[in-house]
Structures are given as C-alpha cells and as structure tokens.
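This is what each chain is made of:
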Amino acid sequence: MPEPTGGAVVNLPTRDGGQERERFPTIVHSLIDAAKKYPERTAVICDGNSLTYEEVNLAAASLAITLRQRGIKSGDRIAVIAPASLQLPQIIFGVMGAEAQVTMMNPNFTQRELEPLFRISEPRAVLCHPKLRKTLLLLSKKLGFEVISISDELWCNSNDWVIDRLPNGANMAVLLFTGGTTGISKGVPHTHEQVIASLLAIEDRWPTSLDSEVFLNIPPLFHIVGLYHGCFQPVFGRSTALLISRFEPEEVFNLINKYRVSIFIAGVPAAYIAMLNHPAFDKVNYKSIRFACGGGAPLAKETLHEWERRTGVPALEGYGMTEGAPTCNNPFSGERRVLSVGKPVYGIELEIVDVATGTIKMNDGEHGEIRVRGSHIASGYFNNVEATSSAFRENWLYTGDIAYRDRDGFIYIVDRAKDMAIVSGFNVFPREIDEILMAHPHIKEAASIAVPDAEKGEVIKAFVCLNDGSNLTEDQIKDYCREDLVGYKIPKQIIFREGLPKTPVGKIDKNQLRK
C-alpha cells in the first residue's frame, strides 16, 4: 500500500466560547472522557430506550475484554452486520477498543452479496444480529471466520478498560465498503487519526456545541455518513445520538418534537423528499433544529428551497466519499451557493485536472476530474493493489468525479466518470445487475443503466431481451432479482426489447440506451 495521501491531523482555527475539542488520539478515548465527566448523560436513544455514557462505556469495555478472551488480537478485522439499535454503538466502540478494526456491512445484503466482502476483508470474526446467524454460518464454513451473535452475554464482563491496551492514532479503526467501475466493492481502511481528522473538518464547517446537542441520524451506520455523524460526532461533542432502526417520516416527526432535535442528519435527498410529501410535515415544530445536513447525492434546488421555506432550517450539503469525508462542505455560517458542494474543508487539498493525464490543472469554469489529498483521506484499498494503483497516484486520490470550480472557489459536481448509479446515496453497479439478469434461463440479453429519479436521485432501468417463446413478466423478473439483490439495486423499470444496440466490436452500447 502506498504512503498516506495526507499527513498528521491539521491544526484548525481555534474555537472560542469553550467549544474547542480536546485532541484525543482516538474516538474511543473521547467516549471514555465523556463517560468520566458526564456518566449520567444520555448517550444514545433508539426505539424509545436509552443508554447513558457510563452504560455505553462499560458495555464497550466489557465487549473489548470478551473479544480478547476469544482470541481477537490487535489489527484483526471484525465484521459488524446489524441494523441500527441501542447496542450498535457499544459494539462499534467495543471492537475498536479491543484494538481491532470494525468492518461495517449492510445487514440487508444477501449471502451472495456478502461473500465478496468477506473475501476482501478477511475478518477474524463476525458480530451479527441473531436473525443473520444461520446465513453467516454457511459462509463461515467456506471462509473460516467465527460467527458471534449479538446477545447479553457479550457484556458479561464488569471490568473497565485496560488503559495500556487501548488503540493509538496509527491503528486501523474502520473498514468501510465503497464501489468502483468494475462492479466489485472495495474496502477502504481508515486509521483512528484519520477518523479524528474527519471529525475536526466536519466541526469546522458544521460546528456543533459541546454537551448540548441532540443528533437525529437517518443514514445507516454501515455508511460513512451515518457512522461518522450518527455515532462518532455525538461522542466527540459529548452529546446525544438518536438512531432509528427504519426510516419512517412520521416516526422522524415524533422524534423531532419529543426530543427537541438540534442537528438533523438527513443523509440523501430521498429523506427530505419523503418528509416533504408527508401530510403531517407542516404540523412539526422545527424550531429546535439548528441545521440539517447530508450528502451521498445532490439535493435538487427545488427540494432545498422547499425544505428551507417550510421549516426555516438550513439544509447544508457536502461532498465526500468513503475514501475520505468530508472534502467539501457548504458552511453553516458564511456564503452558500445552490448546486455547489461548497469549498474544500480544512485539511484537504483539492485540484481539478484534465481527465486524460490527470496532471494539468484546469482553469476556473473548466470541467475536469477532482483529485484530493489530505489528513483524512485513505491510503489505498484493502487487498486490492490494482484498484489502489489506479486511483491513488503520486500522493493524490483521483475520485472519478467531474467538476468545475468558479472564480470564488466554490466546487460544482457535474458528472461521474465512474459507470455506476447512486440510488438513495448507495453506489449501485449496473454490471452486477446485468450479471444477475443474464443468469435467468429465459433472458437472452440484458443491460441496465442509471436514470434520474425525483425521490431517490437515481434508479436502475433495465433493458431485457427474452428467449423465443418466453412469457416472462416484469414482476417475475423483479421477484427473481430479490433473491440475490438488496432492495435498492432492483430495477425500478424493465423495458423489453427484441434486440439491444451494439458497438462495432459487439458489446452492448449503453450510450445508445441512455439516449
């Protein structure tokens, strides 16, 4: 793996009013500090139940001891596959506190979708929701990891942390999965130092107050936005995190009113749209919310304006990726421009360069590829030398995103070089769906593309040619896809064709399908 793209944690401008964050070596140390100073403060709320900082801290310490007793060593990877719950932050901090690398995976993935992630990450063990145990045991026999169900016995140790066995800033903290042009997910490792650097960059543009915020987090914790904003940032500020196990607008409204939410982590545009379209939207009191924020897909100008007009709450957009977030943010205080993702955050150096060579800087207003480097950008992809050498070049991360910079330094994303869709903030690879469709015995040819969608940003549209004599229907194809694909990957629309356009060398011409 190449040298890191960034150096040590940058020194951001100091914050007055007692809001300066202490520079702990890891977010685990932040949890310990919060529990020591404010043991009875509510740390997390989910499904109507809550835990204090003392309870979260002791449970995490107990889990760390349990994992060591089961043979987990420093640097081991432990996959965590579970929906949002009261226990999930305890598990995440417990794994990291054991000096292991927490490897987050989507609990809605099928066995077929999980297997390549296990092959990439090579976890020593998997902590999972009990309902997933049977599926994971089948994979464990093939791949050789231990399956541990999440249960009360994980917290049986009553001991506190072993201080001299806590992780340090250079230790790997998390492994998250992103996508690429090949349709195969890539594992992105981040050190504890990089996690802290990300939180400092977030706080510089989207500042929160120590000891007083209530974060309502919508994105799942296996996504970098959900993990950093919904789990790490509240602890970094000794505040309270509200997690939801499933997004329902009416439940979100109830939580805003009941707990006087101050920071709303909406995530992708689909959450804003679903709320705006709900009949109870205008009955909610939004006055406690200082700002809403998100990323993963662009928020349409009309949606942003409608949200701010009806709530009085600013909707802040940012730009980042699993390899490093944030890289650009529109500020809470200062100028924001519609359709722009803002300016590069502290700790990030961003350039827009020509697509052909990646070395020539583009002038203001000219389109080119974004490349970034900085204190919280990953060093490469885990167990993937080829992808690392392609994207991480000469100390820069080449993002594959096409953008331009205006004369005032604001960045505008205009396209993606990568052949993928972003559905509700999740990377979806048309090639993966093509392969599933082509495996059906009644399908002769198939090709899928991304198309715009008002609610989800983008959705999948599939073109299918059936074998002669087949009467396969659209609903039957969707049911077939559900066997091997998570819900957001299933084509929303299926078009039946007698033949698909081809390039001169005989490949399916997706550019023609997009027209």
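Residues numbered from 1 in each chain as written. Predicted model: local features only at pLDDT ≥ 70, side-chain atom pairs only at ≥ 80, totals over all residues. Heavy atoms only, no water.

As a further point, take the overall build of the protein chain. In terms of helices and strands, the protein chain carries 14 helices and 25 strands. Relative to the compact-globule value of 24 Å for 515 residues, the protein chain shows a C-alpha radius of gyration of 23 Å, a close match. Look at the contacts in the protein chain between residues 6 or more apart in sequence, and 67% of them connect residues 24 or more apart. If you sum the accessible surface of the protein chain, you get close to 22,000 Å²; carbon and sulfur atoms cover 48% of it. Charge separation in the protein chain, taken as the distance between the mean sites of 56 positive and 62 negative side-chain charges, equals 1 Å. (Helix = DSSP H or I, 4+ residues; strand = E, 2+ residues; numbered from the N terminus. Rg over C-alpha atoms; globule rule 2.2 N^0.38 Å. Contact = heavy atoms within 4.5 Å. Areas by Shrake-Rupley, 256 points an atom, 1.4 Å probe, with all protein chains shown as cover. Lys, Arg positive; Asp, Glu negative; His and termini not counted. Charge placed at Lys NZ, Arg CZ, Asp CG, Glu CD.)

It is the rolling of a water-molecule-sized probe over the atoms that shows where space remains empty. The volume enclosed by the second largest pocket comes to roughly 1,100 Å³. Secondary structure elements with two or more residues in the lining of the second largest pocket: strand 11 (263-267) and helix 9 (269-276). No other element matches helix 9, which puts three residues into the lining of the second largest pocket. Across the lining of the second largest pocket, the residue classes break down as 26 nonpolar, eleven polar and five charged. (1 Å grid on protein atoms, 1.4 Å probe; cavity = no way out; pocket = protein on both sides within 12 Å on 5 of 7 lines; lining within 4 Å. Points joined across faces, edges and corners; volume = space filled by probe spheres on them. Nonpolar A, V, L, I, M, F, W, Y, C, P; charged D, E, K, R; others polar.)

As a further point, take the pairing of strand 2 (residues 49-52). Bridge count between strand 1 (residues 42-46) and strand 2: four bridges; the pairing is antiparallel. Across the sheet, Cys46 pairs through a bridge with Asn49, a residue of strand 2. (Pairing = 2+ DSSP bridges.)

What follows deals with the pattern of salt bridges. Per the counting criterion, the structure on display carries 32 salt bridges. Residue Glu248 pairs with Arg246 through a salt bridge whose shortest N-O separation is 3.6 Å. Owing to a relative accessible area of 39%, Glu248 belongs among the partly exposed residues under this scheme. In this structure, Asp434 engages Lys510 in a salt bridge whose closest nitrogen and oxygen atoms are separated by 2.8 Å. Here Asp434 is found in helix 12 (residues 430-438), whereas its partner Lys510 is found in helix 14 (residues 510-514), with 76 residues between them in sequence. Accessibility assignment for this pair places Asp434 and Lys510 in one class, buried. The network of salt bridges with shared partners includes Glu22, Asp33, Lys37, Arg41, Asp211 and Arg238. (Salt bridge = Lys/Arg side-chain N within 4 Å of Asp/Glu carboxyl O. Buried < 20%, exposed > 50% of the residue type's maximum accessible area, 1.4 Å probe, protein only.)

Across all of its chains, the model carries 14 aromatic pairs by this definition. Ring geometry for Phe93 against Phe232: centres 6.0 Å apart, planes inclined by 75 degrees, an arrangement best described as edge-to-face. With Phe93 in helix 3 (residues 88-97) and Phe232 in helix 7 (residues 224-236), this residue pair connects regions lying 139 residues apart in the sequence. One aromatic cluster is present, formed by Phe253, Phe264, Tyr272, Phe281, Tyr286 and Trp307 through successive ring pairs. (Phe/Tyr/Trp six-rings, centres within 6.5 Å; stacked < 30°, edge-to-face > 60°.)

It is worth stressing that arrangement in space is one thing and function is another; only the former is reported here.
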